[in-house]
Amino acid sequence: MALAGRAALRWGARLPSPGPAAAPLCRPAWLPAACGRPYSSRGKEEIDMSTYPVESIRNFSIIAHVDHGKSTLADRLLEITGTISKTDHNKQVLDKLQVERERGITVKAQSASLFYNHEGINYLLSLIDTPGHVDFSYEVSRSLSACQGVILVVDANEGIQAQTVANFYLAFEAQLSIIPVINKIDLKNADPERVEKQIEKLFDIPTDECIRISAKQGTNVEKVLQKVIEKIPPPQCNTADPLKALVFDSTFDHYRGVVANIALFGGEIAKGHKIVSAHTKKRYEVNEVGILTPNEQPTHKLYAGQVGYLIAGMKEVTEAQIGDTLFLYKQPVEPLPGFKSVKPMVFAGMYPVDQTEYNNLKSALERLTLNDSSVTVHRDSSLALGAGWRLGFLGLLHMEVFNQRLEQEYNMSVILTAPTVPYKAVLSSAKLIKEYGKDQITIINPAQFPDKLSVSEYLEPIVLGTIVTPHEYIGKIITLCQDRRAVQKDLLYIDENRVMLKYLFPLNEIVVDFYDALKSLSSGYASFDYEDAGYQSADLIKMDILLNGNPVEELATIIHKDKAYAAGKLLCEHLKETIPRQLFEIAIQAAIGKKIIARETLKPYRKNVVAKCYGGDITRRMKLLRRQAEGKRLMRKIGNVEVPRDAFIRVLKRETDK
């Protein structure tokens, strides 16, 4: 009976009591608070969302450059509205991932519903905190689809920077209301007047519309909430319309399946409703709906204009596609436009350290790409590393963060090959055109690089880069850009101290270490942002790396002809430092076709075989040395050279131009 009683208590059941009224038992002291089913919403009181009509709903995002105080402002807004209790530990409350805490940056857009009373009316404010780095701009554009307005945060000390400009135009093109906020006015070197003039000059927003705040100290933050209610319009939708819900984000829960973040553009949704996905045409029954405060808070229903989450028993990660439209069974609607597919900027091969972990890594990749849909995945294989994938990322930081999340969230250790960019080749060979079915192919792996004889021209991707810098560094930065084959398009003085430069860059020149070089040249003051600008014709070649005459497929690179010699020499030097010495000599060579353009020799370990000869005839010494040389020649024939795994990224990191 004791065991049965414990089992019943574990699931919150009622036990029969000798008395007439059997009351539910409380959790006993020996049972942990988190025990039972791992439902985060268990035991929470449901909120009635019908008390918030469309007219009293405001959906908005916070956008800014990196480290301008978005997450700190979000913390203060959550405190003021009573969503979270006010403590000293409230730092980056919405940054839930371990990688975000460690790096101090926002990687995933996070939403939260706030309840605020203004002039006697209760308002429902749906806030989305977005990332600031250029590699995560897809998160920003997705978040804006669920909003009617944005808070544009600018640092009073740094002023307008590159990603501020990019995020402003994302909001401007989406025709959203923009509230400019100047943050960090409590800093010693803050100059809000200068920043107001920059905002007026670049964005044509009057200076009197800017709100000066200190998110850290909470100064004037209440005024931001009032401005949100006054300036941002309510969503244009109606509860009487059929259900139309946009999936703008989703995560995978091991126990409940897919948890989809939705924005309702019409109708209402409740537990028990039968819904259909416009993308997969599959039918589901809704298990739970609710809002994020910022933790999951179940509600009886969600209504038009509201933003929340939905759990409907989707067990496969492919079932909740971001950008999908959900509607009620037998009430089909025109699907929402969704999101334009993102173009990867950087490709890298990913392989399991041990091939027995292949299926586990495949499962981890599927679940992580559900949460980060901007990553593209293609099957790939390598002679040296076995079966794996070719992944497409939005930038090098995006690649590093994705790898870190795989390790931290799924305990997966992987090998990442050197990053490359997607090139194109216009084919001239009729045989190849017939084989591919088109006259232009995209090359994402150097192993696929076609021979020059069968190609009329090669094309490389270019980007339009925006650099915002203090004027004293302008000379060094122009030199850096010219070294990277960039073409200047524009130069504009934002104010008397800051300059905005626009350049057309070949993508492969900026993808690895341009940002690091720019930061070191400008003492960390310059900021950089880029956007896709198509392709241009280029004189490209494939450079192979040979170890003792054997090509290493993973280290092959596609490079511009003018840069081949310098890059080949540098790669050979880096490999010489990285590869451990052997008992035989290793020749490290960079080759273009049959032509060797650079070489480094890694000397062997050498035993002193003549140490035991104390005098005597010279022929004895020569015999011992000759026997040693023959042994080393034999070892060189049969010996294998292993490149350490960490060499793939390290050999590609170039030294900044001297």
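The structure this text deals with has already been given above.
Residues numbered from 1 in each chain as written. Predicted model: local features only at pLDDT ≥ 70, side-chain atom pairs only at ≥ 80, totals over all residues. Heavy atoms only, no water.

Asks: So what's going on with the overall build of the protein? Which residues, and what values?
Replies: On a plain count of helices and strands, the protein comes out with 16 helices and 31 strands. By element, 50% of the accessible surface of the protein is carried by carbon and sulfur atoms, the whole surface being about 31700 Å². (Helix = DSSP H or I, 4+ residues; strand = E, 2+ residues; numbered from the N terminus. Areas by Shrake-Rupley, 256 points an atom, 1.4 Å probe, with all protein chains shown as cover.)

Asks: Before we move on, can you summarise the packing of helix α2 (residues 70-80) against helix α7 (residues 221-231) with the specific residues and values?
Replies: Each pair of packed helices can be summarised by the angle the axes make with each other and by the distance between the axes. As a packed pair, α2 and α7 sit with axes 10 Å apart at the nearest point and diverge in direction by 80°. As far as their axial angle goes, α7 and α2 are roughly perpendicular. Contacts between α2 and α7 pair L73, R76, L77 and I80 from the former with V221, E222 and L225 from the latter. Grouping the amino acids of the contact of α2 with α7 by side-chain chemistry returns 5 nonpolar, no polar and 2 charged. (Axes fitted to C-alpha atoms, helices over the stretch in contact; angles between N-to-C directions. Parallel < 35°, antiparallel > 145°, perpendicular 65-115°, else oblique. Contact = heavy atoms within 4.5 Å. Nonpolar A, V, L, I, M, F, W, Y, C, P; charged D, E, K, R; others polar.)

Asks: Please provide a residue-by-residue account of empty space enclosed by the protein, values included.
Replies: Throughout the structure, instances matching the rule amount to 3 cavities of 30 Å³ or more. Looking at the largest cavity, its volume works out to about 40 Å³. Residue assignment for the lining of the largest cavity shows that the elements contributing at least two residues are β2 (110-118), β3 (121-129) and β15 (307-311). Within the lining of the largest cavity, the residues separate by chemical class into 5 nonpolar, 4 polar and no charged. (1 Å grid on protein atoms, 1.4 Å probe; cavity = no way out; pocket = protein on both sides within 12 Å on 5 of 7 lines; lining within 4 Å. Points joined across faces, edges and corners; volume = space filled by probe spheres on them.)

Asks: Requested: an account of the pattern of salt bridges, with residues and values cited.
Replies: Throughout the structure, instances matching the rule amount to 17 salt bridges. A salt bridge links E600 to K576; its shortest N-O distance comes to 3.7 Å. Highlighted residues: E600 in strand β31 (residues 595-602) and K576 in helix α14 (residues 564-578), separated in sequence by 24 residues. Linked by salt bridges that have partners in common, E460, R485, E509 and K563 make up one network. (Salt bridge = Lys/Arg side-chain N within 4 Å of Asp/Glu carboxyl O.)

Asks: Give a detailed account of the pairing of strand β7 (residues 244-253), specifying residues and quantitative values.
Replies: Among the 10 residues in β7, 8 count as buried, and that is most of the element. Direction of pairing for β7 relative to strand β8 (residues 257-266): antiparallel, over a ladder of 9 bridges. Paired with K244 across the strands is G266, a residue of β8. What sits between β7 and β8 in their antiparallel hairpin is a turn of 3 residues. (Buried < 20%, exposed > 50% of the residue type's maximum accessible area, 1.4 Å probe, protein only. Pairing = 2+ DSSP bridges.)

Asks: Can you break down the sheet that holds strand β19 (residues 386-393) residue by residue, with the values?
Replies: Across the sheet, which stays open at both edges, the 4 strands sit in the order β18-β19-β17-β20 with antiparallel pairing between neighbours. For this open sheet the edge positions go to β18 (376-382) and β20 (414-416), each flanked by a neighbour on one side alone. Looking at each pair of strands side by side, their axes are set apart by 30° on average, direction ignored. Across the sheet, helix α8 (residues 358-371) is in contact with β17 (346-352), β18, β19 and β20; its angle to β19 comes to roughly 15°.

Asks: So what's going on with unusual backbone geometry? Which residues, and what values?
Replies: Glycine aside, negative phi is the norm for most residues, and most peptide bonds take the trans geometry. Its identity as a non-glycine residue notwithstanding, Q175 has a phi of 60°, on the positive side. Exposure remark for Q175: the relative accessible area of 72% places this residue in the exposed category. A positive phi is found at D204, a non-glycine position, where the angle reads about 60°. For D204, the position within the fold is in the loop between α6 (192-203) and β6 (211-212).

Asks: Can you break down the environment of R581 residue by residue, with the values?
Replies: Secondary-structure assignment places R581 in the loop between α14 and β30 (586-592). The class of R581 is partly exposed, set by a relative accessible area of 39%. Taking C-alpha positions, R581 is 6.1 Å from P604, a pair spaced 23 residues apart along the chain. If sequence neighbours within four positions are ignored, R581 has contacts with L602, K603, P604 and Y605.

Asks: Quick one: what's the story with α7, residue by residue and with numbers?
Replies: By the burial criterion, the buried members of α7 are V221, V224, L225, V228 and I229. Projected down its long axis, α7 shows its buried positions confined to an angular sector of 135°, all on one face. (Arc of directions from axis to C-beta.)

Asks: Kindly report on the nonpolar core, identifying the contributing residues and their values.
Replies: In terms of nonpolar packing, the biggest core is built from 37 residues, with I467, F505 and F514 touching the most fellow members. Elements supplying a minimum of two residues to this core: β21 (423-427), β22 (440-443), β23 (455-470), α11 (474-483), β25 (498-506), α12 (507-510), α13 (514-521) and β26 (527-538). Here F505 is in contact with P461, I462, V463, G465, I467, C481, A486, I510, F514 and F528, once residues within four sequence places are set aside. (Core = buried A, V, L, I, M, F, W, Y, C linked by side-chain atoms within 4.5 Å.)

Asks: Tell me about the packing of aromatic side chains, and name the residues and values.
Replies: All told, the structure shown has 13 aromatic pairs when counted by the stated rule. With centroids separated by 4.7 Å and ring planes inclined at 10°, the aromatic side chains of Y358 and W389 adopt a geometry described as stacked. Taken as a pair, Y358 in helix α8 and W389 in strand β19 lie far apart in primary sequence, 31 residues in all. Under the relative-accessibility criterion, Y358 is labelled buried at 13%. (Phe/Tyr/Trp six-rings, centres within 6.5 Å; stacked < 30°, edge-to-face > 60°.)

Asks: Describe the sheet that holds strand β12 (residues 288-292), listing the residues and the values that go with them.
Replies: Across the sheet, which stays open at both edges, the 8 strands sit in the order β11-β10-β16-β7-β8-β15-β12-β13 with antiparallel pairing between neighbours. Of all the strands in the sheet, just β11 (283-285) and β13 (296-299) have a single pairing partner and so form its edges. Averaged over all pairs of adjacent strands, the angle between strand axes in this sheet comes to 40°, irrespective of strand direction. Both β7 and strand β16 (residues 325-328) contribute to a ladder of 2 bridges, which runs antiparallel. Note on β16: the bridge partner recorded for A245 is L326. Along the sheet, α8 contacts β7 and β8; its crossing angle with β7, the most-contacted strand, is approximately 140°.

Asks: Tell me what's going on with α11, and back it up with residues and numbers.
Replies: Every buried residue of α11 is accounted for by I474, I477, L480 and C481. Looking straight down α11, one finds its buried side chains confined to an arc of 125°; they lie on one side. Close packing links the buried residues of α11 with β23, β24 (487-493), β25 and α13. Positive phi appears at R485, one or two residues downstream of α11, with a value of about 60°.

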